[in-house]
Amino acid sequence: MNEADIALAHRLADAAGAAIRPYFRARFDIETKADASPVTQADRAAEAAIRAILEAERPADGIIGEEYGNAREGADRLWVLDPIDGTRSFIAGRPIFGTLIALIEGGTPVLGVIDQPIIGERWIGAAGRPTLLNGAPTRARACPALDRAHLATTGPRLFTEAEKAAFDRLSDAARDTLWGGDCYNYALLASGHLDLVVEGGLKLYDLAALVPVVEGAGGAMRDWAGRPLTRDSSGQVIATGDPRLLDAALEKLN
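Computed from a predicted structure; not experimentally measured.

With respect to the overall build of the chain
Part 1 of the reasoning: Within the chain, the regular secondary structure consists of eight helices and 15 strands.
Part 2 of the reasoning: For 254 residues, the compact-globule estimate of 2.2 N^0.38 gives 18 Å, and the chain sits close to it at 17 Å.
Part 3 of the reasoning: Its C-alpha atoms give the chain principal-axis dimensions of about 50 × 40 × 35 Å.
Part 4 of the reasoning: Relative to its 254 residues, the chain shows a buried fraction of 55%.

Structure representation (structure tokens):
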């Protein structure tokens, strides 16, 4: 990962945003995929715009995308794409979805973008560098105790029964629990507005971009066993703005 990769990630996000904005709060087709999740013309247009640039400028790199599948997935460098994370919010006209763009090297996320193209907010995290929000450094806030923590997750129906029971234990110990938000929750955590985000059932394209953003803001992001997130991680994730929360939160989950 280098400066050219960071510059490219910005251009990819620009292209996705230009494809998405004409559809926001407009008329468009909605389909239901095999996993019962919705997809729109905007999702597909945004990913197509990103992939066209990558194929032209990074033909040796692999691509893992939510809408158009994988290309060269055995490559050491992989671009991982979720053109609209939070499609249900997009469909409802709620500007709390985001475009997720990640670069994975050696199985580990090293570059991540969370872009909100309607509000005009872009978080970018790169390994060994501070997370930036619209070009300025941003930090997670201090919160050393669970009973002071504001916890968020996208929705209870996305957990298995066992995961929901574990989440409820954590929620009971937290100060407050907020529902909804998808990737935007992790961006808010990186900027010091939330303290914990916990989810299950995520795919690689849902989580890869989040890791550099959270960690570059001083937070921690792990699976439910406390292990670093990689290309091979399960979909159970926990993000904490203050790393001191991690052990106590994991104890409740497990």
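Notes on the side chain of R58
Part 1 of the reasoning: Tracing the backbone shows R58 in the loop between α2 (41-57) and β3 (62-65).
Part 2 of the reasoning: There is a polar contact of 3.2 Å between the side chain of R58 and the side chain of D5.
Part 3 of the reasoning: Look past the residues within four positions of R58 in its chain and what remains in contact with it is A4, D5, L8, I53, R72, R77 and W79.

Looking at the environment of D115
Part 1 of the reasoning: Its location among the elements puts D115 in strand β7 (residues 108-116).
Part 2 of the reasoning: Residues D115 and G98, spaced 17 residues apart in sequence, show a C-alpha to C-alpha distance of 5.2 Å.
Part 3 of the reasoning: Residues contacting D115, with those up to four places away along its chain left out, are A13, F97, G98, T99, E121 and R122.

What about the sheet that holds β7?
Part 1 of the reasoning: Taken in spatial order, the eight strands make up an open sheet running β4-β3-β5-β6-β7-β8-β9-β10, and their pairing is mixed. Edge strands, defined here as strands with exactly one partner in the open sheet, are β4 (69-71) and β10 (136-137).
Part 2 of the reasoning: Bridge count between β3 and β4: three bridges; the pairing is antiparallel. If you follow G65 over to β4, its bridge partner there is G69.
Part 3 of the reasoning: With respect to the sheet, α2 is in contact with β3, β4, β5 (77-85) and β6 (98-105), its orientation differing from that of β5 by roughly 155°.

Here's the deal with the pattern of salt bridges
Part 1 of the reasoning: What the rule picks out here adds up to 16 salt bridges.
Part 2 of the reasoning: Where D14 meets R122, a salt bridge forms, and the shortest distance between an N and an O atom there is 2.7 Å. Highlighted residues: D14 in helix α1 (residues 3-20) and R122 in strand β8 (residues 121-126), separated in sequence by 108 residues.
Part 3 of the reasoning: The exposure class assigned to D14 is partly exposed, which follows from its relative accessible area of 43%.
Part 4 of the reasoning: A relative accessible area of 14% places R122 in the buried class.
Part 5 of the reasoning: Its salt-bridge partner being R77, residue D61 comes within 3.0 Å of it at the nearest N-O pair. Highlighted residues: D61 in the loop between α2 and β3 and R77 in strand β5, separated in sequence by 16 residues.
Part 6 of the reasoning: Among the ionic contacts, a cluster of salt bridges with common partners joins D5, R58, D61, R77 and E105.

Procedures and definitions
The numbering scheme is per chain: residues are counted from 1 as the chain's sequence reads. Totals for whole chains, interfaces and linings use every residue, but because this is a predicted model, local features are given only for residues with pLDDT of at least 70 and side-chain atom pairs only at 80 or more, for both listing and counting. Water and hydrogen atoms play no part in the side-chain values, which are based on all heavy atoms of the structure. Only DSSP runs of H or I with at least four residues qualify as helices, and only runs of E with at least two residues qualify as strands; both kinds are numbered from the N terminus onward. The atom set for the radius of gyration is the C-alpha atoms, and the globule formula is 2.2 Å times the number of residues raised to the power 0.38. Exposure categories follow from relative accessible area, calculated using a 1.4 Å probe and restricted to protein chains: below 20% of the type maximum is buried, above 50% is exposed, and the middle band is partly exposed. Any N or O atom pair separated by 3.5 Å or less is treated as a polar contact, with the protein-specific requirement of one donor-capable and one acceptor-capable atom, and with residues adjacent in sequence counted only for side-chain atom pairs. Contacts between residues were defined by any pair of non-hydrogen atoms, one from each residue, lying within 4.5 Å. When DSSP finds two or more bridges between a pair of strands, those strands are recorded as paired. An axis is simply a line fitted to the C-alpha atoms; with a helix, the fit covers only the stretch in contact. Between two such axes, the angle follows the N-to-C directions and lies from 0 to 180 degrees. In what follows, salt bridge is the name for a side-chain nitrogen of Lys or Arg lying within 4 Å of a carboxyl oxygen of Asp or Glu.

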